[in-house]
Structure formats: C-alpha cells, structure tokens
Amino acid sequence: MSRADFYLIAKPRFRSEPLRLVCELAKKAYEANLPLLVLARDTAQAEALDDLLWDMGDDVYLPHQIAGGEEDDEAPVLIAPPEADAPLRPLVINLRDAAVEGGFERVLEVVPADDDARGPLRERWKQYKARGMEVNKHDM
C-alpha cells in the first residue's frame, strides 16, 4: 500500500527556513539507502535546495543534483524543477502545489507553519486518502 506522510512545520528552526526540513528528510532517506526524488515548486526553489544540501555541516555529505544531467539515475537525491522530465522514484518529497500522481511507494508532503497555506494541503490529504493510501501526520 502506498503511503503519504505530512510533515507539519512547528519548530522555530524549520519555520524560518522550511527547506531545512526537506534537507533533514533527504538526509534520512540517503542514510536509509532510499533513492529520493524531490519535486521542487520551481527552478529557484530547486537551486535553493541544492545550495542548502551543500551546507549541511562539515561532516555531512549528501550526494545530490538537479535533474537534467546524464547521471540523474545515479544521484541518490534528485531535485526536479517542473520543467525537468524526471521519472518518479519509490520515495518522493513533494513541494509542488498538487498531489503526486503515478507510481511511488511513499510521498512526503511538507506543511508550512502558516495556517492559510495549510488549506490546500488538507485537500491533498483527502485526495491521497481517497486513493486508498495510508496517510500519516508528523509534527516537526
């Protein structure tokens, strides 16, 4: 059964920089040897995430790249802006404005701290649930 996990931003360190939570989730996926696809909202967000993944501390190396290169299949963490044609992986972090369609085992949705921004994600929760997916919430 496919699964959707919603990560609600609550901690101050993630409120000020929500993409830091994405970095932490990517690190956990890499440490678990799970190839990850991050669906970025736009090219600027993909580039910002790329920069943050290089800045995770002196003793942390997280191999990643923005989709569009010849080695996309080999990158443990692949960041895909909307214009990139990247195939889904079993684990997906979705930062876009719509639910992920297609074949994946697990999707992670990052939910902003702002109550106004949470409305669309509540709808997305319902969409995943209607597809018969297991849906979970995590306070971060």
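This text gives an overview of the structure that appears in the document. (Residues numbered from 1 in each chain as written. Predicted model: local features only at pLDDT ≥ 70, side-chain atom pairs only at ≥ 80, totals over all residues. Heavy atoms only, no water.)

### So, the layout of surface pockets
Selection rule: Put simply, the grid is 1 Å and covers the protein atoms alone, a cavity is a trapped set of points that fit a 1.4 Å probe, a pocket is an open set with protein on both sides within 12 Å along at least five of seven lines, and lining residues have an atom within 4 Å of a point. Grid points are joined across faces, edges and corners, and a volume is the space filled by probe spheres set on the points. Every helix listed is a DSSP run of H or I at least four residues long, and every strand listed is a run of E at least two residues long, numbered separately from the N terminus. Under the scheme applied, nonpolar residues are Ala, Val, Leu, Ile, Met, Phe, Trp, Tyr, Cys and Pro; charged residues are Asp, Glu, Lys and Arg; polar residues are all the others, including Gly.
Of the voids in this model, the largest pocket is the one considered here, and its volume is about 260 Å³. Going through the elements one at a time, helix 2 (18-31), strand 6 (106-111) and helix 4 (115-130) are the ones with two or more residues in the lining of the largest pocket. The element that contributes the greatest number of residues to the lining of the largest pocket is helix 4, accounting for 4 residues. Residue classes in the lining of the largest pocket are distributed as 11 nonpolar, 2 polar and 5 charged.

### Things to note about the nonpolar core
The tendency in soluble globular proteins is for nonpolar side chains to be buried side by side. What counts, and what does not: To qualify as a nonpolar core, a set must consist of buried Ala, Val, Leu, Ile, Met, Phe, Trp, Tyr and Cys residues joined through side-chain atoms within 4.5 Å. Accessibility here uses a 1.4 Å probe with only protein chains present; expressed as a share of the type maximum, an area under 20% marks a residue as buried, one over 50% as exposed, and anything in between as partly exposed. Should any heavy atoms of two residues lie within 4.5 Å, those residues are considered in contact.
One finds Leu53 and Ile93 to be the most contacted residues of the largest nonpolar core, which totals 27 residues. Mapped onto this core, the elements with two or more residues apiece are helix 2, strand 2 (36-39), helix 3 (43-54), strand 4 (77-80), strand 5 (91-94) and strand 6. What Leu53 contacts, discounting residues up to four positions off in sequence, is Cys23, Ala26, Leu62, His64, Val77 and Ile79.

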